[in-house]
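Chains, contacts and geometry: an overview
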Amino acid sequence: MWDFETDPEYQKELDWADEFVREEVEPLDLAFPHQQFVPLDGKRREAIDPLKEEVRRRGLWATHLGADLGGQGYGQLKLALLNEILGRSQWAPIIFGCQAPDTGNAEIIAHYGTEEQKRRYLRPLLEGELFSCYSMTEPHAGADPTMFTTSAVRDGDDWVINGWKFFSSNAATASFLIVMVVTNPEVSAYQGMSMFLVPTDTPGVKIERNIGLYGEGADAGSHALIHYDNVRVPAEALLGGEGQAFAIAQTRLGGGRIHHAMRTIGLSRKALDMMCERALSRETQGSRLSDKQFVQGYIADSYAQLLQFRLMVLYTAWEIDKYNDYKVVRKDIAAVKVVMPTVLHDIAWRAMQVHGALGVTNEVPFLGMVTGAAVMGLADGPTEVHKTTVAKQVLRDYRPAEGTWPSEWIPAKREAAQAKYAQFLEHEVGNL
Ligand SMILES: Cc1cc2nc3c(=O)[nH]c(=O)nc-3n(C[C@H](O)[C@H](O)[C@H](O)COP(=O)(O)OP(=O)(O)OC[C@H]3O[C@@H](n4cnc5c(N)ncnc54)[C@H](O)[C@@H]3O)c2cc1C
């Protein structure tokens, strides 16, 4: 059965979330800018806690984890519909307990963690009381994890970690780090790397710099360059089995990528809304911008691009729920990841252009969105690598042609068709 309608009961929740985010949450982006990942204290806690409580009462808190993993069990499709509302605001995912990178980190601890690891890290993470960091990329290598050199060496009951990690988001405010390291250099990286849960205050964890994105202040960076300098952790810090890092990373990134895509729908929609309002509001050379065909083209292209992307994301979310296995849906998750930066970039760019000079100022959000689109083309793996994944997966369904000519080569097909319908064709020729 094919159905594009939202269950009316859930639609009520979405309508509530939409109003709640616009009225209560979006103002936080301006009242407490860039402070989402700073642990709460004093007045900020007074402002934030009641909002989280309201979301909890509504049953919309931490909807990203399945019931078997201690979450609401809403599944990815419902989460997609919610996330596209949350995408409008930087604070909204925090208020709804489903912010990246904590969602992906919670997911892998839920999947692979021991009971003790879940008690220590997952529970407080789901409560929204602490933050986490995923520390994988290294200064000399990102897209190719087989090049990572940060290692953990066994020493009695402990492991000792040494090396450098780059762009470890939120390390400065996270309570713990999930670090991917080489534990067995003798075998292939796919079998020789492991993940560790490392409290950020462990001796030897040295944040050398917090790197900022373009446009952020020199002291506002949140992507850490970390030196792991003889960091000693007990054997219980290992997440999953030894050598399981690649499998764990795939579990994590599958969810993370599709969740970003869901929120990108919301952000792109915000740009489209602003473009349309501006087009109807501004007049030049005798008519409104909305009457100019160029601007109509911007609006039509943006609407169509967003609709295509939204359907693609919803379909992929539906597939994840159906198969309950990111690996099976890998091709479509990668395809979503490939398309995502372009959709946001194109719509934000057109909206910016329609706003004229105001469009490029820090009084509207467009350049932030454009930078965000560039980030999406890199974070969780560069677009090129995802395109390669899509192509490899697509090619699995094909075989080489037998012989020199393509299987759709018309002369051969014509000959076969004429042979198949020979009796009718002879009759037709005879009648000519
Ligand atoms: C905002 C942001 C947040 C991030 N957060 C985290 C985090 O929390 N934790 C973490 O571990 N990492 C994080 N990253 C790092 C991110 O995962 C890496 O940037 C990404 O994997 C690419 O690695 P790299 O930057 O080293 O680029 P490289 O691997 O050096 O690649 C550079 C470029 O080379 C090209 N290229 C690379 N491989 C191929 C290929 N196979 N085929 C064709 N072209 C290719 C692409 O154009 C690519 O952009 C974050 C990045 C950003 C921008």
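Residues numbered from 1 in each chain as written. Predicted model: local features only at pLDDT ≥ 70, side-chain atom pairs only at ≥ 80, totals over all residues.

Regarding its fold elements, the protein chain presents 15 helices and ten strands. Seen along its three principal axes, the alpha-carbon backbone of the protein chain occupies a region of about 95 × 65 × 40 Å. Going through the 432 residues of the protein chain one by one, you find that 39% of them count as buried. Of all intrachain contacts in the protein chain linking residues separated by at least 6 positions in sequence, the fraction that spans at least 24 positions is 71%. (Helix = DSSP H or I, 4+ residues; strand = E, 2+ residues; numbered from the N terminus. Buried ≥ 20, exposed ≤ 12 C-beta atoms within 10 Å, placed from the backbone. Contact = placed C-beta atoms within 7 Å.)

This part is about the nonpolar core. Ranked by size, the top nonpolar core spans 101 residues in total, and within it Val-179, Phe-196, Ala-271, Ala-348 and Ala-351 carry the most contacts. Dropping the residues within four chain positions of it, Ala-348 is found in contact with Ala-271, Phe-366, Met-369, Val-370 and Ala-373. (Core = buried A, V, L, I, M, F, W, Y, C linked by C-beta atoms within 7 Å.)

Take the domain arrangement of the protein chain next. Per the domain assignment, the segments making up the protein chain are domain 1 (8–99), domain 2 (132–239) and domain 3 (247–395). Placing a centre on the C-alpha atoms of domain 2 and another on those of domain 3 gives a separation of 30 Å. Class assignment of the residues belonging to the side of domain 2 that touches domain 3 gives a composition of seven nonpolar, one polar and no charged. (Domains from an automatic or database assignment. Nonpolar A, V, L, I, M, F, W, Y, C, P; charged D, E, K, R; others polar.)

Side chains that are three or four residues apart share a direction in an α-helix, a result of its 3.6 residues per turn. Helix length check: helix H2 (residues 42–57), at 16 residues, gives a terminal C-alpha distance of 23 Å against a target of 22 Å (1.5 Å per residue), a fit within 8%. Within two residues after H2, Gly-59 carries a phi angle of roughly 80°, on the positive side. (Expected span 1.5 Å × (residues − 1).)

On to the packing of helix H1 (residues 8–31) against helix H3 (residues 75–86). Where H1 contacts H3, the two axes come as close as 9 Å, and the packing angle between them is 20°. Relative to H3, the element H1 is oriented roughly parallel. In terms of crossing hand, the pair formed by H1 and H3 is right-handed. In contact with Tyr-10, Leu-14, Ala-17, Asp-18 and Val-21 of H1, H3 contributes Lys-78, Leu-81, Leu-82, Ile-85 and Leu-86. Considered class by class, the residues forming the contact of H1 with H3 number eight nonpolar, no polar and two charged. (Axes fitted to C-alpha atoms, helices over the stretch in contact; angles between N-to-C directions. Parallel < 35°, antiparallel > 145°, perpendicular 65-115°, else oblique. Left-handed = near helix turned anticlockwise from the far one by under 90°.)

Relative orientation of the contacting elements H3 and helix H9 (residues 293–323) amounts to 150°, with a least axis distance of 6 Å. With respect to their mutual orientation, H3 and H9 come out roughly antiparallel. Facing Gly-75, Gln-76, Leu-77 and Ala-80 of H3, the residues of H9 in contact are Val-313, Leu-314, Ala-317, Trp-318, Ile-320 and Asp-321. Within the contact of H3 with H9, the residues separate by chemical class into seven nonpolar, two polar and one charged.

Of note, Ser-89 is situated in the loop between H3 and helix H4 (92–95). Using a count of 23 C-beta atoms within 10 Å as the deciding quantity, one classes Ser-89 as buried. Through-space distance from the C-alpha of Ser-89 to that of Gly-59 is 20 Å; in sequence the pair is 30 residues apart. Look past the residues within four positions of Ser-89 in its chain and what remains in contact with it is Val-21, Val-25, Glu-26 and Asp-29.

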